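# Inside the fold
Here is what each chain is made of, one letter per residue.
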Amino acid sequence: MEKLELFEQVDFKANSKYEKIIEDLLLQKYSITDTFFEASEIEILRAATLRKLEEDQFKKAAIGNRTNEIIAKKIRGDFILWMDEQKADAAEKVFFDKINNLVNYLNSTCFMGILHKEFHYAVYPKGTFYKRHLDTFQNDSCRKLSIVCYLNEENWLTSNGGELVMYTSESTEKTIYPLPGRLVIFESQLLEHEVKEVKNDQRLSITGWLKTR
Ligand SMILES: O=C(O)CCC(=O)C(=O)O
Ligand SMILES: [Fe+2]
């Protein structure tokens with residue numbers, strides 16, 4: 001049998017959406033994709049999230065790592081629910097399929113070495129926020145890339161607040177509105193960011209981390 005060349009890629013197809021993400025990450029440490037998820041996919045995930053919220057499955061988000069949690073409302077006021085890929089329902093399967101595709105692409109084209117991931121739903125009720133922070137402040141140096149996907153309604157108003165602000169350098173910041181279908185991905189160890197106060201309505205999202213070890 002003939003040996004495979006070391007870097008031979010079988011069935012490799014360049015994906016322009018993923019290539020854009022890689023280029024953005026290299027240039028500016030973050031990337032925004034506006035239609036990563038279809039409106040119909042967001043609709044179903046949103047409905048499922050609201051159902052879980054009604055069933056009281058969410059708990060107050062804490063700071064620190066999973067075993068050493070401190071609830072600090074002055075720092076963050078959101079409620080979260082960790083996702084379990086093994087028990088994913090139909091909507092969550094669609095979510096994880098797309099994320100896994102992206103991860104496989106990153107690993108095979110950029111040798112990112114992503115081995116694990118963790119995702120949770122997040123709800124920010126009116127009046128809540130998440131002060132400026134770095135995601136690795138949560139004692140987790142394995143976090144390589146942070147991912148946020150918004151599950152808000154189609155007609156979400158920018159006046160509702162809840163913007164994600166990325167501090168790209170001492171003097172520049174980038175404001176990102178939490179629009180449905182939008183996927184934001186950024187370097188967990190490098191980019192400080194903040195969720196501004198939600199002024200109206202409640203802000204729904206899925207947040208997660210791609211990890212190296
Ligand atoms: O929801 C967002 O836009 C960002 C959330 C965040 O920074 C976090 O959960 O660490
Ligand atoms: Fe964060």
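Described below are features of the structure shown in this document. (Residues numbered from 1 in each chain as written. Chains lettered and ligands numbered in written order. Predicted model: local features only at pLDDT ≥ 70, side-chain atom pairs only at ≥ 80, totals over all residues. Heavy atoms only, no water.)

The next point concerns the sheet that holds strand 3 (residues 79-82). Overall, antiparallel pairing links the seven strands, which are arranged 1-9-6-11-4-3-2 in an open sheet. Bordering the open sheet on either side are strand 1 (30-33) and strand 2 (59-60), each of which pairs with just one other strand. In the packing of helix 1 (residues 16-28) onto the sheet, contacts are made with strand 1, strand 6 (143-150) and strand 9 (183-187), and the angle to strand 1 comes to roughly 150 degrees. Each of strand 4 (116-124), strand 6, strand 9 and strand 11 (203-211) touches helix 3 (residues 90-110); the most contacted strand, strand 4, lies at about 135 degrees to it. (Pairing = 2+ DSSP bridges. Helix = DSSP H or I, 4+ residues; strand = E, 2+ residues; numbered from the N terminus. Contact = heavy atoms within 4.5 Å. Axes fitted to C-alpha atoms, helices over the stretch in contact; angles between N-to-C directions.)

Once that is clear, we can look at the site of ligand 1. Near ligand 1, the surroundings consist of Tyr-124, Tyr-130, His-133, Asp-135, Val-148, Tyr-150, Leu-164, His-193, Val-195, Arg-203, Thr-207 and Trp-209. A distance of 3.1 Å separates an oxygen atom of ligand 1 from a polar side-chain atom of His-133. Separating an oxygen atom of ligand 1 from a side-chain N or O atom of Asp-135 is a distance of 3.0 Å. When residues of the shell around ligand 1 are traced back to their parent elements, those giving at least two are strand 5 (130-133), strand 6, strand 10 (192-195) and strand 11. Top contributing element to the shell around ligand 1 by residue count: strand 11, with three residues. When the residues that make up the shell around ligand 1 are grouped by side-chain class, the tally is seven nonpolar, three polar and two charged. (Near = heavy atom within 4 Å. Polar contact = N/O pair within 3.5 Å; in protein donor to acceptor, adjacent residues only side chain to side chain. Nonpolar A, V, L, I, M, F, W, Y, C, P; charged D, E, K, R; others polar.)

Glancing now at the packing of helix 2 (residues 39-54) against helix 3. Relative orientation of the contacting elements helix 2 and helix 3 amounts to 125 degrees, with a least axis distance of 9 Å. The angle between helix 2 and helix 3 places the two elements in the oblique class. Helix 3 is crossed by helix 2, and the crossing has left-handed handedness. Within the contact between the two elements, helix 2 uses Glu-41, Ile-44, Leu-45 and Lys-52 and helix 3 uses Ala-91, Glu-92, Val-94, Phe-95 and Lys-98. Within the contact of helix 2 with helix 3, the residues separate by chemical class into five nonpolar, no polar and four charged. (Parallel < 35°, antiparallel > 145°, perpendicular 65-115°, else oblique. Left-handed = near helix turned anticlockwise from the far one by under 90°.)

Enumeration over the complete set of coordinates arrives at eight aromatic pairs. Ring geometry for Phe-36 and Phe-37: centres 5.0 Å apart, planes at 65 degrees, overall edge-to-face. For the pair Phe-36 and Phe-37, a shared accessibility class is recorded, and that class is buried. The interplanar angle of 85 degrees and the centroid separation of 5.9 Å between the aromatic rings of Phe-96 and Phe-119 together place this pair among those described as edge-to-face. In this pair, Phe-96 sits in helix 3 while Phe-119 sits in strand 4, placing the two residues 23 residues apart along the sequence. A connected cluster of aromatic rings, assembled from ring pairs, spans Phe-36, Phe-37, Phe-95, Phe-96 and Phe-119. Lying across the ring of Tyr-167, Arg-132 places its NZ or CZ 3.8 Å from the centre. Across from the ring centre of Trp-209, 3.6 Å away, lies the NZ or CZ of Arg-143, which sits over that ring. (Phe/Tyr/Trp six-rings, centres within 6.5 Å; stacked < 30°, edge-to-face > 60°. Buried < 20%, exposed > 50% of the residue type's maximum accessible area, 1.4 Å probe, protein only. Lys NZ or Arg CZ within 6 Å of the ring centre and 35° of its normal.)

Turning to the packing of helix 1 against helix 3, a few remarks are in order. The N-to-C vectors of helix 1 and helix 3 enclose an angle of 60 degrees; their axes lie 11 Å apart at closest approach. As the angle between them shows, helix 1 and helix 3 are arranged oblique. For helix 1 against helix 3, the interelement crossing comes out right-handed. Contacts between helix 1 and helix 3 involve Tyr-18, Glu-19, Ile-21 and Ile-22 on the former and, on the latter, Lys-98, Asn-101, Leu-102, Tyr-105, Leu-106, Thr-109 and Cys-110. Classifying every residue of the contact of helix 1 with helix 3 by side-chain character gives seven nonpolar, two polar and two charged.

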